[in-house]
Amino acid sequence: MAYTTFSMRHNDQLKEPMFFGQPVNVARYDQQKHVIFEKLIEKQLSFFWRPEEVDVSRDRIDYQRLPAHEQHIFISNLKYQTLLDSIQGRSPNVALLPLVSIPELETWIETWAFSETLHSRSYTHIIRNIVNDPALIFDDIVTNKNIVARARDISRYYDELIEMSNYYHLLGEGQHYINGRYKEISLRQLKQALYLCLMSVNVLEAIRFYVSFACSFAFAERGLMEGNAKIIRLIARDEALHMSGTQHMLNLMRSGADDPEMAEIAQQCHEQSRALFLLAAQQEKQWADYLFKDGSMIGLNRQILHHYVEYITNIRMQAIGMEPAFEKRSHPIPWVNAWLASDNVQVAPQEVEVSSYLVGQIDATITADDLGSFEL
Amino acid sequence: MADLIVSTGSTQLAWQGRLATLLELLEDNCLPVEYQCRSGFCGACRVRLLAGRVRYRQPPLACLSKGEILPCCCVPESDITLALEHPP
Ligand code: FES
Ligand SMILES: [Fe+2]
Ligand SMILES: [Fe+2]
């Protein structure tokens, strides 16, 4: 089916599947097939923040005083996160919007990707402040082999899905002769590519960020790079929400409640999905090794981070109905959780104990008692 | 009214009305629970509810399978029994 930005065909949006139904026409939210996506949108909007609100000027002095191996840890993590958010700021839009068929999910995807652009802009905010020439850092991202290795594994699933859906939209199902080769395009295949892509995004947001998060918080525990930690904390809060969104999509697919064929595909892809988690865990451990190649930092070392990766991976696997892959253990760095808890995230220092920034939380239920004192 | 009882297999705790969430009760008693966001959207605190009912102040956003609850944002509404896994 060719994509159209506004289908003139009247349809009942409540009967469309999340993906591969009729492209969304009217963006309406008075009715919801999956109300959870509307809730996620509201939550994400209530989280809104801007990097410029966080003062990072003190970090410059801290950074200059860090020993070289700790500067390496700090900068490498920033590079890696810059890569991840560069991907996330565009890919959900490019890959998923042409396939989505219910308005609340379409808007969740856009809201999600928009918040990723805040993350990207905040890295520039941080980097500009600590070094005189940000290009030195940004330019290394596409050449540093420790980063590039993972970039490929992350963008691959998006790219495959995008390529396949381009053919599908242009040519439809069937065998096509493209660029000198026969290519088989089927909806079933495309659905599978979508499922694996969502799985890989889930792994990205649920696991890949956490080693760098832990390092940022370890600096801040020592009173260093605190502006950075404040920003990372806001990013971490967003990421936990994004992860929840993707887990919902995957669980809806797995259950067959949304599209029965997706349940079959989920089952078929089970081993491949597990492998995605295992590969990510392994790569993140290697990342920890690279970070600490010239020395550890107080409160963290390779071993602890390896255990943390395993701990987080187990929890994330269970969230989507998989058997945990690693030995069960208690949290190896419990102090990290205090930084990840979103009930005490604060933006400006004068705002103590701010809970999440709920806006427009007006109680709209009115009973006769509320009006008792009014007279006409 | 008698205190509500929170059982976890090995332990029985009386629910403390002054606490904001079930998670706080479990933490105060050093029981093995996880958490991350403490606001109902990350799912890290998820545990199985074997018996009884809980109440959420706001409907949570994290994925829940049948029989699972999020202690970070609920309180017991009756006597309850939880399945807590004890890691070594
Ligand atoms: S700690 Fe995040 S949902 Fe309970
Ligand atoms: Fe992000
Ligand atoms: Fe994200």
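Computed from a predicted structure; not experimentally measured.

Student: Explanation requested: the overall build of chain B in the structure shown.
Tutor: Looking only at helices and strands, chain B features 1 helix and 7 strands. Sequence-ordered secondary structure for chain B, helices as α and strands as β, is β-β-α-β-β-β-β-β. The C-alpha atoms of chain B give 12 Å as radius of gyration, which agrees with the globular expectation for 88 residues (12 Å, within 12%). A principal-axis box enclosing the C-alpha atoms of chain B has dimensions of 35 × 30 × 25 Å. The buried share of chain B, taken over its 88 residues, is 50%. Considering only intrachain contacts with a sequence separation of at least 6, the fraction spanning at least 24 residues in chain B is 49%. Working note: accessible area of chain B is about 4,400 Å², and carbon and sulfur atoms make up 50% of it.

Student: Please clarify how the confidence of the model for chain B should be interpreted in this entry.
Tutor: Low pLDDT means the predicted atomic positions in that stretch should not be read closely. Looking at chain B, the pLDDT average stands at 91 and 95% of residues meet or exceed 70. For this predicted complex, the interface confidence score (ipTM) comes to 0.93, while the overall pTM stands at 0.91.

Student: What should I look at first to understand the coordination of the iron ion (ligand 3) in this one?
Tutor: Reference values for angles at a metal are 109.5 degrees in the four-donor tetrahedral case and 90 or 180 degrees in the six-donor octahedral case. Residues and elements named next belong to chain A. Distances from the iron ion (ligand 3) to its protein donors, Glu116 (OE), Glu205 (OE), Glu239 (OE), Glu239 (OE) and His242 (ND1), fall within 1.9 to 2.6 Å. Each donor residue of the iron ion (ligand 3) lies on one chain, and together they are spaced E-x88-E-x33-E-x2-H. The distance between the iron ion (ligand 3) and the iron ion (ligand 2) is 3.5 Å, with Glu116 acting as a donor to both metals. With Glu205 in helix H7 (residues 187-208) and His242 in helix H9 (residues 226-255), this pair connects stretches of sequence that are 37 residues apart.

Student: Any chance you could explain the nonpolar core here in plain terms?
Tutor: Buried together is how nonpolar side chains tend to be arranged in soluble globular proteins. Core analysis: the largest hydrophobic core is formed by 123 residues, its most contacted members being Phe19(A), Leu105(A), Leu194(A), Leu305(A) and Tyr308(A). In this view, Leu305(A) contacts Val211(A), Ala214(A), Cys215(A), Ala288(A), Phe292(A), Leu300(A) and Ile333(A); residues no more than four positions away in its chain are not counted. Formed by 27 residues, the second largest nonpolar core is a distinct cluster that contains Leu23(B), Leu26(B), Leu49(B) and Val54(B).

Student: Would you mind showing me how to read the pairing of strand E7 (residues 80-83) of chain B here?
Tutor: Where a strand is regular, its side chains alternate between the two sheet faces. Residues and elements named next belong to chain B. Only one face of E7 is buried, namely the one carrying Ile80 and Leu82, since none of Thr81 and Ala83 on the opposite face is buried. Two strands pair when backbone bridges link them, and strand E1 (residues 5-7) and E7 are joined in this way by 2 bridges, in the parallel orientation. If you follow Ser7 over to E7, its bridge partner there is Thr81. Strand direction decides the pairing type here: strand E3 (residues 47-51) and E7, joined by 3 bridges, are antiparallel. Note that in E7 the partner of Arg48 across the bridge is Ala83.

Student: It is not clear to me how the interface of chain B and chain A should be interpreted in this structure. Could you clarify?
Tutor: Bring the parts together and some accessible area is lost; that lost area is often taken as the interface size. If you look at the interface, chain B gives 17 residues, while chain A gives 31 residues. Carbon and sulfur atoms make up 55% of the surface buried where chain B meets chain A, a total of about 1,900 Å² over both sides. It is Gln36(B), Phe41(B) and Leu61(B) that lose the most area in chain B upon contact with chain A, and together they represent 36% of the buried surface on that side. Across the chain B-chain A interface, the total number found is 0 salt bridges. Counting the contacts that link chain B with chain A gives 11 residue pairs in polar contact (both at pLDDT 80 or more). The residue makeup of the side of chain B that touches chain A, split by class, is 10 nonpolar, 3 polar and 4 charged.

Student: Would you explain the pattern of salt bridges in this entry?
Tutor: Any two side chains of opposite charge can pair, on the condition that their charged atoms come close. Residues and elements named next belong to chain A. Overall, the coordinates contain 24 salt bridges over all chains when judged by the stated rule. With a shortest N-O distance of 3.3 Å, Arg188 and Glu261 are connected by a salt bridge. Here Arg188, found in helix H7, pairs with Glu261, found in helix H10 (residues 260-268); they are 73 residues apart in sequence, far enough to count as distant. Residue classification places Arg188 among the partly exposed positions, given a relative accessible area of 24%. Ionic pairing is found between Asp289 and Arg302, a salt bridge with its closest N-O pair at 2.7 Å. Note that Asp289 is positioned in helix H11 (residues 270-291) and Arg302 in helix H12 (residues 302-319), a separation of 13 residues in sequence. We classify Asp289 as partly exposed; its relative accessible area is 27%. Relative accessible area serves as the criterion here: at 40%, Arg302 is assigned to the partly exposed category. Through salt bridges with shared partners, a single ionic network connects Arg188, Lys191, Asp259, Glu261 and Glu264.

Student: I would appreciate a short explanation of the confidence of the model for chain A in the present structure.
Tutor: With 91% of its residues at a pLDDT of at least 70, chain A reaches an overall mean of 92. pLDDT under 50 marks residues 346-363 of chain A. Its contacts with residues more than four places away, or in other chains, come to 26 contacts.

Student: Is there a simple way to explain H7(A) in this structure?
Tutor: Structurally, the α-helix is built with 3.6 residues per turn, so residues lying three or four positions apart point the same way. Taking 1.5 Å of rise per residue, the 22 residues of H7(A) would be expected to cover 32 Å, and the 30 Å separating its terminal C-alpha atoms lies within 8% of that figure. Taking burial as the measure, the 22 residues of H7(A) include 19 buried ones, the bulk of the element.

Student: What is the right way to look at the coordination of the iron ion (ligand 2) in this model?
Tutor: All names here are of chain A. The iron ion (ligand 2) binds to the protein through Asp85 (OD), Glu116 (OE), His119 (ND1) and Glu239 (OE); the donor distances cover 1.9 to 2.2 Å. Each of the 4 donor atoms bound to the iron ion (ligand 2) contributes to angles spanning 89 to 156 degrees, and the resulting shape is irregular. Mapped onto the polypeptide sequence, the residues donating to the iron ion (ligand 2) form the spacing pattern D-x30-E-x2-H-x119-E.

Student: I would appreciate a short explanation of unusual backbone geometry in the present structure.
Tutor: Excluding glycine, most residues fall at negative phi; most peptide bonds, likewise, are trans. All names here are of chain A. In this structure, Asn179 is a non-glycine residue whose phi angle is positive, near 50 degrees. Mapped onto the elements of the fold, Asn179 is located in the loop between strand E1 (174-178) and strand E2 (181-185). You can call Asn179 exposed: its relative accessible area is 75%.

Student: Looking at this structure, I do not really get the packing of helix H3 (residues 68-96) of chain A against H7(A). What am I missing?
Tutor: Relative orientation and spacing of two packed helices are given, respectively, by the angle between their axes and the distance between those axes. Residues and elements named next belong to chain A. It is at 12 Å that the axes of H3 and H7 come closest, and there the two elements cross at 150 degrees. With respect to H7, the element H3 is oriented roughly antiparallel. The two elements H3 and H7 cross, and the hand of that crossing is left-handed. Seen from H3, the contacting residues are Tyr80, Leu84, Gln88 and Leu96; seen from H7, they are Leu194, Leu198, Val201, Leu204, Glu205 and Arg208.

Student: Explanation requested: the side chain of His331(A) in the structure shown.
Tutor: Examined against the element boundaries, His331(A) turns out to sit in the loop between H12 and helix H13 (335-340). Judged by its relative accessible area of 13%, His331(A) is buried. A distance of 3.0 Å separates a polar atom in the side chain of His331(A) from the backbone nitrogen of Ile333(A). Beyond its immediate stretch of four places on either side in the chain, His331(A) contacts Tyr308(A), Tyr311(A), Asn337(A) and Glu34(B).

Rules used in this analysis
- Residues numbered from 1 in each chain as written.
- Chains lettered and ligands numbered in written order.
- Predicted model: local features only at pLDDT ≥ 70, side-chain atom pairs only at ≥ 80, totals over all residues.
- Heavy atoms only, no water.
- Helix = DSSP H or I, 4+ residues; strand = E, 2+ residues; numbered from the N terminus.
- Rg over C-alpha atoms; globule rule 2.2 N^0.38 Å.
- Buried < 20%, exposed > 50% of the residue type's maximum accessible area, 1.4 Å probe, protein only.
- Contact = heavy atoms within 4.5 Å.
- Areas by Shrake-Rupley, 256 points an atom, 1.4 Å probe, with all protein chains shown as cover.
- pLDDT = per-residue confidence, 0-100.
- Donors = N, O, S within 2.8 Å, 3.2 Å for Na, K, Ca; no water.
- Core = buried A, V, L, I, M, F, W, Y, C linked by side-chain atoms within 4.5 Å.
- Pairing = 2+ DSSP bridges.
- Buried area = accessible area lost by both parts, 1.4 Å probe.
- Salt bridge = Lys/Arg side-chain N within 4 Å of Asp/Glu carboxyl O.
- Polar contact = N/O pair within 3.5 Å; in protein donor to acceptor, adjacent residues only side chain to side chain.
- Nonpolar A, V, L, I, M, F, W, Y, C, P; charged D, E, K, R; others polar.
- Expected span 1.5 Å × (residues − 1).
- Tetrahedral: all angles 85-135°; square planar, octahedral: opposite > 155°, others 65-115°.
- Axes fitted to C-alpha atoms, helices over the stretch in contact; angles between N-to-C directions.
- Parallel < 35°, antiparallel > 145°, perpendicular 65-115°, else oblique.
- Left-handed = near helix turned anticlockwise from the far one by under 90°.

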